[in-house]
Amino acid sequence: MRFYLGLATTFHDPALALVGPDGTLLFAEAAERVLQYKRAPNCEPDAPAVMASLLKDHVPPGSELVVASSWGPQFTDFLRGQAGTGAFDLMALSAHTTALNRSFVPEQAERVFIADLHGAQERAGHGTLLALNQEVRITGAAPRATIAGQRRYPHHLCHAAYGLWGSPFDTATALVVDGMGETGAAAIHRLEGGRITELRRHRGRGSLGFLYGLITDLAGFDQVKGEEWKIMGLAPYGRSDPDLAALLGRLCTVEGHRLRYADAETIRSVAAEIRARRPADALETGWADLARCGQDLFGTLMDALVAEAYALAPAENLVIAGGCGLNSSYNGRVLGRSGFTRLHVPSAPADDGNAVGAAWLAYAEDHPDWAGPPHAQRPLTPYLGSRVSTGPMERLAEQEPRAKRVGHAEATRAAARILAEGGLVGWVQGRAEFGPRALGNRSILADPRPEGAKDALNAKVKYREAFRPFAPSILAEAGPDWFEDYADSPYMERTLVWREAVRARVPAVVHADGTGRLQSVTAARNPAYAALIGAFAAITGVPILLNTSFNVMGKPILHGAEDAILMFYTTGLDALVVEDWLVVK
């Protein structure tokens, strides 16, 4: 039997995915979860400790394993040639200027990114090989699997493959927008008859992803830490400043459907002018006016790319992938600003999702008639990661009389009561979500009705900026009653506008602009979470819970029950549910 291991091998957000002999996606998870290292920069996606358990759980002895990664062979060869000239040596990298260039990042930093990207490509699959050898050393048996080949696929094609084949659509147009690809930072693909065709690949160093990153830095945050989402949260608190907007508008203009980026001298000049205007407290609290103007510019530029995609491949269905697909504020508005009528954004649109794309592309190469997963598996479930062992809860119960195994039904009823009384509940169920957002399996939950619930959650657990919104999880059948122009949102991938009449009922999840980044919950997609929201609704009449990721600021979402127990005892959580175990304070 042949399995396909996909590896996301950029210098940030490494991840792995495993596809079985029939094309079924068996597992997908970002390395940051198991390492508990935010974004896991320059870490292997297939660390031997991770691969050992993955292989044991899914790959029977005597199998073959194809290793596929997410940057194309020509680009990998180019990087190898650059490394051979010494271009990635420390002193060569340090000789580059720290001034901004046409990519909107410092020249020196960009060269370090590329050097790190080269390192990631050269190490791809090494962890898997070590894991296979480790089992041999311990057991003395033959290797569980043999490496049947290593393949590399273009970066934006991996994004498109994951987004298109994981969507509910038979025919769709995909727009990929991120920081960088092999030739540029955007591409357009088409899905028809199960086949993916590249329609346009942008070229040049200009990058909408890095432009948004520069705005993030100028507003007082840090794009390297992935803080672009703070711009989305802060933007509604700012005002549209014509002078700031004009400055930002010099960085990129729209000509027809094409983006024209400024030269390096203009970029440096604009950045200097903006820094000179930056309020003294911006590095502490952020700069709301710049966030507003930056988000507005992002929307204008994305509109041009979406229009270009529609002109090249007019269709009802749009897929947005790449890191810019995480801009949920834009995603919630795009259908009203384009010719498309339906939108799919995958649960992991950034580089971690490329692990799935690479694995599926390798499978498709060996199975030319394969047209993507069957409809029963689409849209793709986000619950693809590790399960949490309840062993730590059993050990906790030996010392903690309040920790009890009560069964799923009672755990659900108890959690709903605690939430309705204003308590904070840590909720851990089933397999971990693939992507950056907690979708009801690794979540901290609260009652959305109290005005002060958001502040209390920040004070007791999350410790994050007050301007950042919390998301509502809503039973899908109730969505039209609560949101204008409701659209199914299974991955918390878009913001929608709350109906005016209901906003006062759930103030903790209504953002300053009257929107909410919702998750649509159904019993088919997540029976345990749907049952909890239903139990809460039976008590309160509100089919909505405040949902945020089970972590503290600066850390990834938890990976094991030990992480959950630690947070329960060191934060203001009132209860913890791990599968059918319950512990309360």
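Check the entry above for the structure.
Undergrad: Quick question: what am I supposed to make of the pairing of strand 24 (residues 581-584) here?
TA: Residues in a regular strand project their side chains so that they alternate between the two faces of the sheet. Examined bridge by bridge, strand 14 (residues 404-405) and strand 24 share two bridges and lie antiparallel to one another. Looking at the pairing, Lys404 lines up with Leu582 of strand 24. Sheet topology places strand 23 (residues 575-578) next to strand 24; four bridges connect them, and they run antiparallel. Paired with Ala575 across the bridge in strand 24 is Val584.

Undergrad: What is the right way to look at the sheet that holds strand 4 (residues 63-69) in this model?
TA: In a beta sheet, neighbouring strands are held together by backbone hydrogen bonds and run either parallel or antiparallel to one another. Strand order in the open sheet formed by five strands is 3-2-1-4-5, with mixed pairing between adjacent strands. The two strands at the open ends of the sheet, each matched to only one other strand, are strand 3 (25-30) and strand 5 (145-152). Each neighbouring strand pair of the sheet contributes to a mean axis angle of 15°, computed without reference to strand direction. The pairing of strand 1 (residues 2-8) with strand 2 (residues 15-19) spans five bridges and is antiparallel.

Undergrad: I'm lost on the pairing of strand 10 (residues 258-261) in this one. Help?
TA: Side chains Leu259 and Tyr261 project from strand 10 onto a buried face, and the interleaved Arg258 and Arg260 project onto a face without burial. Pairing geometry for strand 9 (residues 252-255) and strand 10, over four bridges, is antiparallel. When the sheet's bridge partners are listed, Val254 is paired in strand 10 with Leu259. The hairpin turn running from strand 9 into strand 10, its antiparallel successor, is two residues long, and Gly256 in that turn takes a positive phi close to 70°.

Undergrad: Explain the pattern of salt bridges to me, please; I cannot follow it from the model alone.
TA: Pairs may arise between side chains of opposite charge once their charged atoms sit close together. A full pass over the atoms with the stated rule returns 34 salt bridges. Here Arg144 ties to Glu135 by a salt bridge, and the two come within 2.8 Å at their closest N and O atoms. With a relative accessible area of 12%, Arg144 lands in the buried category. Through salt bridges that share partners, Arg2, Glu64, Arg151, Glu365 and Asp366 make up one connected network.

Undergrad: Is there a simple way to explain the packing of aromatic side chains in this structure?
TA: For any pair of aromatic rings, the description consists of the separation of the ring centres together with the inter-plane angle of the planes. A complete count under the given rule lists 17 aromatic pairs for this structure. With centroids separated by 6.0 Å and ring planes inclined at 90°, the aromatic side chains of Phe298 and Tyr330 adopt a geometry described as edge-to-face. Taken together, the residues Phe298 in helix 13 (residues 288-312) and Tyr330 in helix 14 (residues 328-331) connect sequence positions 32 residues apart. Both residues of the pair, Phe298 and Tyr330, count as buried. Counting every residue linked through ring pairs, the aromatic cluster contains Tyr4, Trp165, Trp360, Tyr363 and Trp370. Note that Lys585 overlies the ring of Phe568, its terminal NZ or CZ placed 4.9 Å from the centroid.

Undergrad: I would appreciate a short explanation of a nonpolar patch on the surface in the present structure.
TA: Taken together, the side chains of Val34, Leu35 and Tyr37 present a nonpolar region at the surface, about 250 Å² in accessible area. Following the sequence through the fold, Leu35 ends up in helix 1 (residues 31-35). Accessibility expressed as a relative area gives 39% for Leu35, which makes it partly exposed.

Undergrad: Teacher, can you tell me more about the nonpolar core here?
TA: A general trend in soluble globular proteins is that nonpolar side chains are found buried together. In terms of nonpolar packing, the biggest core is built from 68 residues, with Leu208, Leu211, Leu290 and Met302 touching the most fellow members. Here this core gets 12 residues from one element, more than from any other, and that element is helix 13. If we ignore the near neighbours within four places in the chain, the residues touching Leu211 are Phe104, Leu251, Cys252, Leu297 and Leu301. With 59 residues, the next largest nonpolar core counts Met393, Ala420, Leu496 and Phe568 among its residues.

Undergrad: Even after reading the chapter, I still don't get the environment of Arg33, so can you show me in this structure?
TA: Looking at where Arg33 falls in the secondary structure, it is placed in helix 1. Classification of Arg33 as buried rests on a relative accessible area of 2%. Contacts of Arg33, omitting those with residues within four sequence positions, involve Ala432, Glu433, Gly435, Ile557, Leu558 and His559. At a separation of 2.9 Å, a polar atom in the side chain of Arg33 contacts the main-chain carbonyl oxygen of Gly435.

What counts as what
Residues numbered from 1 in each chain as written. Predicted model: local features only at pLDDT ≥ 70, side-chain atom pairs only at ≥ 80, totals over all residues. Heavy atoms only, no water. Pairing = 2+ DSSP bridges. Helix = DSSP H or I, 4+ residues; strand = E, 2+ residues; numbered from the N terminus. Axes fitted to C-alpha atoms, helices over the stretch in contact; angles between N-to-C directions. Buried < 20%, exposed > 50% of the residue type's maximum accessible area, 1.4 Å probe, protein only. Salt bridge = Lys/Arg side-chain N within 4 Å of Asp/Glu carboxyl O. Phe/Tyr/Trp six-rings, centres within 6.5 Å; stacked < 30°, edge-to-face > 60°. Lys NZ or Arg CZ within 6 Å of the ring centre and 35° of its normal. Patch = residues over 30% accessible without salt bridge, like charges linked within 9 Å, V, L, I, M, F, W, Y side chains within 5 Å. Areas by Shrake-Rupley, 256 points an atom, 1.4 Å probe, with all protein chains shown as cover. Core = buried A, V, L, I, M, F, W, Y, C linked by side-chain atoms within 4.5 Å. Contact = heavy atoms within 4.5 Å. Polar contact = N/O pair within 3.5 Å; in protein donor to acceptor, adjacent residues only side chain to side chain.

Function cannot be read off these values alone, since they describe shape.
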